[in-house]
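Read off the chains here:
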Amino acid sequence: MFKTERPIIMKKLYKVYFLILLLLICANSFASDKISLSGEWKFQIDAQDVGVTEKWFEKNLPDKIRLPGSMAENNKGDAITLKTQWTGSIYDSSFYFHPRLEKYRKEGNIKIPFWLTPQKHYVGAAWYQKEVVIPKNWSDKRIVLFLEQPHTETILWVNGKRVGLQNSMVQAHAYDISKFLQAGKNVLTIRIDNRIKEINVGQDSHSLTDHTQGNWNGINGRMELQAGPHLYFDDLQVYPSLENGNARVNIKLGNEAAIKGKLIVELSAKSFNSGTPHEVKAQRFSMISSGKSDSVSFILPMDKFQTWDEFNPVLYEMEAKIILNHKVIDVKKVQFGMREFRASGRDFLVNGRKTFLRGTVDNAVFPLTGYPDTDVESWKKILEKCKAYGLNHVRFHSWCPPEAAFIAADLVGMYLQPEGPSWANHGSSLGDGKPIDQFIYDETNRMAKQFGNYASFCMLAYGNEPRGRQVPYLTKFVDYWKAKDSRRLYTGASVGGSWPVIPNSEFMVRAGARGLDWQRLPESISDFRDKIKQFDVPFVAHEMGQYCVFPNFKEIDKYTGVYRAKNFELFQEDLADHNMAGQAEDFLYASGKLQALCYKYEIERALRTPGYSGFQLLSLNDYPGQGTALVGVLDAFWAEKGYIDAKEFTRFCNATVPLTRIPKFVFTNDEKLTAQVEVAHFGPKDLKGVEIRWVLKNPEGLVYQSGKFERKDVLIGNQNLIGNIAIDLSAIHKAHQLNLEVAIAGTSFKNDWDVWVYPTVYPALSNEIYYTTELDEKAKNILENGGKVFFNASGKIVKGKEVVQHFLPVFWNTSWFKMRPPHTLGIVLNEKHKAFEYFPTKGYGQLQWWEILNKAQVMNLEDFPAGFRPLVQPIDTWFMNRRLAQIFEAKVGKGKIIVSSTELSSDVKNKPVARQLYYSLYNYMCSEEFKPIYQVDWLMIKDLLETPSKQQFDTFTKGTPDELKPNFQKTIAN
């Protein structure tokens, strides 16, 4: 018999093509039979690793378990304790030592902040056993035990006899057990071991780490006995050639019957998801069998073929038959597309057309099961969500997904970059002569064999950010694959900017050319061209974004499977302990708006860059590990969080995006707003004679000015210069927020940018407010006598000085990088408060706030009354949850005060935003509305200038990652 492809279990997948696609995946079973092994198995944990020596394969195992599934799903394994031996680096070990977190280290209340917490955890050997009955009519057939996704190493015994060992994280484990079976009852015993042993892929590899899917033990997906002929298709690989209009078909036959002589191989193909059906009639090819495993190659003409790409993913079903003596012995059907994915200079070309990869990193996050989905419908939902957000590409970080992901990507039209299952770092390395070196070759070969025909499989890397003698190793790796398989492009590794360049890579996935330079005034003029000029192959930004958002505590209730969001529970309780429980949703929304703003401007910067070829976000959805990295606009379940949706996201992330180059976003009314309009267009064809319009309007929709450009062609590429806009702002006499929108008429493509305009001349201010930069006796006397004080405390704060604020939010998370700044996630405020009557703003940080917030000090209100809320409140990292203030109001003595830790005054130079905010606050203080709620002691405000914060961050250890330090586990255990 031949090795079967996996079946499709679908609910709603393209109903028109349901039957055809089901046949495509299942029809490899010509003249074959299957026995499902799903259901109840006998089971035993082998924590002491004595099962082999005690010959457990010869005894009945005492426990029970249901498969497919994991030990954790069956509530098998160990309870979570501080001594749990996790698979993953712990960069910040302060959890184990900090007194503030002691209650979360108590038995019965353990809440790990680094990642999701499984109900049970187990690393080691476990045994699975099942009795099966073999039908009599299988006696002359080849019988294979097929396990779609065991995790990880399997050893198989049949009727007490050892069959063999397999260790793959990328393809099914398939054992030929024909010689070990007998008619009637048989006993299968499988030992599964999920420990990292001689082959060390790296404990942070997403193929097995507790940071993501988890290091589970069990069997996932399809598991069955398959019976078929002894002469069969062992492998069939299709190599489309658009230039020649044909497909080369490489075939390897399995021939355990040692059949010699003439054979016929019949090939045919037909499209199955195209609006215009196309069928390639069957052609027969003769070959002479040597009686062994022969390899042959044939050319199948594909006249009038249709191509596959992201816009029109036409797929073909190829049917291959082995015919012996006029009898069909075996049939194999495979799915493929007529697709060419190659590089030309710095460009990716799909079927000869330039494309730009708009991607996300898939980190193997499966919060309900802890292991990947193996059904097409689940993957289709994920990839369609990606596509709805304007993406056309997915990188699988240090892991390879199940076959269902490739099938779904073929159908949806996504370009995939699966990787070898390795992040060879943090305890592992490449090129040092270790078993991992050969394992990477073995695994990527298995990937190419099992998934190589899928049109979506366009790119391949060894894995993520290695260490060791990586340059010579990966150079040979790339050469090996370039010579072996031309259907995709190859790069050595996906890496950060400090990693060495692998010179023969066909494309680069690197950091370095990413990010926002918002330590300077925000603008949309700059791009990344200077940072990629050294490369002459396509450049794809590695792990772009990583902008954090505050946790969504409503997500906790979604964790109804093997995981609990104990990390979220800890952060939620800690927020309450800091008297801010009621602000969680405001923090989420405000930080989310800032996160979305950052993604918009970074993606646009990439799209403006000539020669830039793509990006991979880290990531569209959250990463629940590595300290809890809440970097997604979607949660771990691929659901929206409430602050941006696909419609808004695709304004700036799409196949076609209008762009502007604007030197700044804050103006005074004696200036002109200037913008150069461009279009990045990577659609299916050029846009001919389109009209591009622009409009500048206020938030209520009142148009200030509008216009349109002369019709022109928009070509495929990202340097379509449309024209320039210059708008005189002198007619604006008070502070305004305006919005500039650019749209391509007759299409859905439009984009917009907020700008702010402030007056240059202000009315004279009264002298009823005492303005001071020192908390002096005069201020104290004024307050004691019922007066009003504005205290500019900028540069003088001590309580809160340790908190570093940038306008950009936390990167990745403060735990993984041991409180590397910035420490905040934007600001929250009440936009309807009278203090902001003359300062146009939303309830979160927009670009005009950059001038106010970037590198400004914050105040730690740890000693203020429990319900005290500032006017402008920076959002702290959820690992600290400090109650912070930028600007607050209070009653002091008989008087009233506003305190600002950012530079505000009426005569601040070259800072129109600061001047306008001060004007608004001053007018508020002069009004009857100035009625602070809370009474605060003079000494409490003075303490902000004199006493450091009580709550300080302490790493307790210096090493990164901590657990690689000698005796670390012994230290925390004690």
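Residues numbered from 1 in each chain as written. Predicted model: local features only at pLDDT ≥ 70, side-chain atom pairs only at ≥ 80, totals over all residues. Heavy atoms only, no water.

Please provide a residue-by-residue account of the pairing of strand 24 (residues 393-396), values included.
Burial along strand 24 is two-sided: His-393 and Arg-395 facing one way and Val-394 and Phe-396 facing the other are all buried. For strand 23 (residues 357-362) and strand 24, the ladder comprises four bridges, and the chain directions are parallel. Counted as the bridge partner of Asp-362 is Phe-396 from strand 24. Since strand 23 and strand 24 lie parallel, the crossover through helix 2 (residues 376-388) that links them has a hand, and here it is right-handed. Here strand 24 pairs with strand 25 (residues 415-417) via three bridges, running parallel. (Buried < 20%, exposed > 50% of the residue type's maximum accessible area, 1.4 Å probe, protein only. Helix = DSSP H or I, 4+ residues; strand = E, 2+ residues; numbered from the N terminus. Pairing = 2+ DSSP bridges. Right-handed = clockwise from strand over helix to strand, strands pointing away.)

I'd like a description of the sheet that holds strand 21 (residues 347-350), backed by residues and values.
The strand order 20-21-22 describes an open sheet built from three strands, whose pairing is antiparallel. The open sheet has two edge strands, strand 20 (341-344) and strand 22 (353-355), and neither has a second partner. Looking at each pair of strands side by side, their axes are set apart by 45° on average, direction ignored. (Axes fitted to C-alpha atoms, helices over the stretch in contact; angles between N-to-C directions.)

Describe helix 4 (residues 435-451), listing the residues and the values that go with them.
Taking 1.5 Å of rise per residue, 17 residues should cover 24 Å, and helix 4 covers 24 Å from first to last C-alpha, within 8% of that figure. Where helix 4 is concerned, the buried positions are Ile-436, Asp-437, Phe-439, Ile-440, Tyr-441, Glu-443, Thr-444, Asn-445, Met-447, Ala-448, Gln-450 and Phe-451. Packed against the buried residues of helix 4 are strand 9 (161-167), strand 13 (231-241), helix 3 (403-412), strand 26 (459-461) and helix 5 (470-484). (Expected span 1.5 Å × (residues − 1). Contact = heavy atoms within 4.5 Å.)

Which residues make up the packing of helix 2 against helix 3, and what values do they have?
Put simply, helix 2 and helix 3 touch, their axes get as near as 8 Å, and they point 45° apart. Here helix 2 lies oblique to helix 3, going by the angle between them. In this structure, helix 2 meets helix 3 at a crossing whose hand is right-handed. The residues of helix 3 that touch helix 2, namely those facing Val-376, Trp-379, Lys-380, Leu-383, Glu-384 and Lys-387, are Ala-404, Ala-405, Ile-407, Ala-408, Ala-409, Leu-411 and Val-412. (Parallel < 35°, antiparallel > 145°, perpendicular 65-115°, else oblique. Left-handed = near helix turned anticlockwise from the far one by under 90°.)

An account of the pattern of salt bridges is needed here, citing residue identities and associated values.
Per the counting criterion, the structure on display carries 58 salt bridges. The residue Glu-691 makes a salt bridge to Arg-693 at a minimum N-O spacing of 2.6 Å. Classification of Arg-693 as partly exposed rests on a relative accessible area of 45%. We note a salt bridge from Arg-882 to Glu-802, for which the minimum N-O separation is 4.0 Å. With Arg-882 in the loop between strand 47 (873-876) and strand 48 (884-885) and Glu-802 in the loop between strand 44 (788-792) and strand 45 (824-828), the pair connects residues that are 80 residues apart, well separated along the chain. Overall, the relative accessible area of 4% leaves Arg-882 in the buried class. Look at the salt bridges and you will find they share partners, linking Asp-49, Glu-153, Arg-191, Asp-193, Arg-195 and Lys-197 into a network. (Salt bridge = Lys/Arg side-chain N within 4 Å of Asp/Glu carboxyl O.)

Can you lay out the sheet that holds strand 50 (residues 895-900) for me, pointing to particular residues and giving the numbers?
One open sheet accounts for four strands, arranged 43-44-50-49; its pairing is mixed. Each edge of the sheet is formed by a strand with only one pairing partner; in this case those strands are strand 43 (769-772) and strand 49 (887-892). Geometrically, the sheet is characterised by an average inter-axis angle of 20° between neighbouring strands, direction not taken into account. In this sheet, strand 50 lies alongside strand 49 in antiparallel orientation, the contact comprising six bridges. Counterpart to Phe-888 in the pairing with strand 50 is Val-899. Against the sheet, helix 12 (residues 912-926) contacts strand 43, strand 44, strand 49 and strand 50, and its axis sits at roughly 160° relative to strand 44.

Go over unusual backbone geometry, please, and point to the residues and values.
The omega angle of the peptide bond from His-151 to Thr-152 is 0°, so this bond is cis rather than trans. Mapping Thr-152 onto the fold places it in the loop between strand 7 (142-151) and strand 8 (153-158). In this chain, Pro-821 is followed by Pro-822 through a cis amide linkage whose omega measures 5°. Along the polypeptide, Pro-822 turns up in the loop between strand 44 and strand 45.

Describe the packing of helix 4 against helix 5, naming the residues involved and giving the relevant values.
Closest axis-to-axis distance for the helix 4/helix 5 pair is 12 Å, and the angle between their directions is 25°. In terms of orientation, helix 4 and helix 5 fall into the roughly parallel class. Of the two possible hands of crossing, helix 4 and helix 5 adopt the one that is right-handed. Residues Ile-436, Asp-437, Ile-440, Tyr-441, Thr-444, Asn-445 and Ala-448 of helix 4 lie in contact with helix 5, whose contacting residues are Tyr-473, Lys-476, Phe-477, Tyr-480, Trp-481 and Lys-484.

An account of the environment of Gly-512 is requested, with residue identities and associated values reported.
Tracing the sequence through the fold places Gly-512 in the loop between strand 29 (508-510) and helix 6 (529-532). Its relative accessible area of 43% is what places Gly-512 among the partly exposed residues. Once residues within four sequence positions are removed from consideration, Gly-512 is found in contact with Gly-497 and Lys-531.

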